[in-house]
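Each chain, letter by letter, is given below.
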Amino acid sequence: PVIDLVTHKIISAESLIRWTSPGLSNNKIFEHISIIEKSKYIIDFTNNTFIALVTFLQANKDLFPKNFKISFNLSQAVFKWDEFNLVNMIESGIKAFPNLASYLIVEITESAYFSKSISNKVIFAMATIKELGLQIAIDDFGSGYGELKLISYNISDIIKLDREITQ
């Protein structure tokens, strides 16, 4: 959760995947995500988790306080695949739930390295979804490959520092 330092109220939360299938341990979640990020399965994983989040928000919107935000983790690894279109995914979510932009923060993770050409795709996609009214966060900044370009283009609204840095 993100807590307002003045009011001490929870103002935001991060949506996280938790598997309950036999043999899949939440203790190894980063290992599972790493395997998925290396394959094309990251596209289906991203689309399915996004649909689940939109469905959840739509069904439970009355439970959230005014201006409450939920973060959705987006691996940079999806941009390796030309079939993935972040803007289309977000726009379809907005069509299904017109108030989606007021609830959602897209949190781009630093876990996957990408090239300059992919970096340009990420920047274009992030700028476009920002125009749709969503906020952009860089998750665990300093833990991965340090995509400073996102910061230099003033794309992000929020920079979350990795715990290793803050400790």
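Scroll up for the structure.
Not measured: the values here are computed from a predicted model.

### Remarks on the overall build of the chain
- A tally of regular secondary structure across the chain gives seven helices and six strands.
- Seen in sequence order, the chain has helices and strands lined up from the N terminus as β-β-α-α-β-α-α-β-α-β-α-β-α.
- For the chain, the residues scored as buried account for 39% of the 167 residues in total.
- Counted over contacts in the chain with a minimum sequence separation of 6, partners at least 24 positions apart contribute 69%.
- Within the structure as shown, the chain displays about 10,100 Å² of accessible surface, and the carbon and sulfur contribution to it stands at 56%.

### Digging into the environment of leucine 86
- Take leucine 86: it is sitting in helix H3 (residues 86-96).
- For the pair leucine 86 and isoleucine 129, spaced 43 residues apart in sequence, the C-alpha separation works out to 8.2 Å.

### Comments concerning the packing of H3 against helix H5 (residues 116-131)
- Packing of H3 against H5 brings their axes to within 9 Å, and their N-to-C directions diverge by 20 degrees. By the criterion of interaxial angle, the relationship of H3 to H5 is roughly parallel. Here H3 and H5 pass one another in a crossing that is right-handed. Side by side, H3 and H5 meet where Leu86, Val87 and Ile90 of the first sit next to Ala125, Met126, Thr128 and Ile129 of the second.

### A look at a nonpolar patch on the surface
- Residues Ile159, Leu161 and Ile165 make up a contiguous nonpolar surface patch of roughly 260 Å² in combined accessible area.
- Within the secondary structure, isoleucine 165 is located in helix H7 (residues 163-166).
- For isoleucine 165, a relative accessible area of 47% corresponds to the partly exposed category.

### Let's talk about H3
- By the burial criterion, the buried members of H3 are Leu86, Val87, Met89, Ile90 and Gly93. All buried residues of H3 fall inside an arc of 165 degrees around its axis, so they share one side.
- Of the surrounding elements, those touching the buried residues of H3 are helix H2 (41-60), strand E3 (69-75), helix H4 (100-103), strand E4 (104-109) and H5.
- Two or three places before valine 87, at the opening of H3, asparagine 85 has a side-chain oxygen 3.1 Å from that residue's backbone nitrogen.

### Here we look at H2
- With 20 residues, H2 ought to run about 28 Å at 1.5 Å a step, and its terminal C-alpha atoms sit 28 Å apart, in line with that.
- Among the residues of H2, those classed as buried are Ile42, Ile43, Thr46, Thr49, Phe50, Leu53, Val54, Leu57 and Asn60. Looking straight down H2, one finds its buried side chains confined to an arc of 160 degrees; they lie on one side. Facing away from the buried side of H2 by more than 90 degrees, the exposed set consists of Tyr41, Asn48, Ile51 and Ala59.
- Among the structural elements, strand E2 (10-15), helix H1 (29-37), E3, H3, H4 and E4 are those in contact with the buried residues of H2.

### Some words on the pairing of E4
- Of all six residues making up E4, six are buried, and the element is well covered by its neighbours.
- Inspection of the sheet shows E3 paired to E4 by six bridges, in the parallel sense. Each residue of the ladder has a partner; that of isoleucine 70, found in E4, is leucine 104.

### Section: the pattern of salt bridges
- This structure, assessed with the given rule, holds three salt bridges.
- The shortest N-O distance in the salt bridge between glutamate 83 and lysine 40 comes to 2.3 Å. With glutamate 83 in the loop between E3 and H3 and lysine 40 in the loop between H1 and H2, this residue pair connects regions lying 43 residues apart in the sequence.
- Residue classification places glutamate 83 among the partly exposed residues on the basis of a relative accessible area of 47%.
- Its salt-bridge partner being lysine 130, residue aspartate 157 comes within 3.2 Å of it at the nearest N-O pair.

Calculation criteria
- Residues numbered from 1 in each chain as written.
- Predicted model: local features only at pLDDT ≥ 70, side-chain atom pairs only at ≥ 80, totals over all residues.
- Heavy atoms only, no water.
- Helix = DSSP H or I, 4+ residues; strand = E, 2+ residues; numbered from the N terminus.
- Buried < 20%, exposed > 50% of the residue type's maximum accessible area, 1.4 Å probe, protein only.
- Contact = heavy atoms within 4.5 Å.
- Areas by Shrake-Rupley, 256 points an atom, 1.4 Å probe, with all protein chains shown as cover.
- Axes fitted to C-alpha atoms, helices over the stretch in contact; angles between N-to-C directions.
- Parallel < 35°, antiparallel > 145°, perpendicular 65-115°, else oblique.
- Left-handed = near helix turned anticlockwise from the far one by under 90°.
- Patch = residues over 30% accessible without salt bridge, like charges linked within 9 Å, V, L, I, M, F, W, Y side chains within 5 Å.
- Salt bridge = Lys/Arg side-chain N within 4 Å of Asp/Glu carboxyl O.
- Arc of directions from axis to C-beta.
- Polar contact = N/O pair within 3.5 Å; in protein donor to acceptor, adjacent residues only side chain to side chain.
- Expected span 1.5 Å × (residues − 1).
- Pairing = 2+ DSSP bridges.

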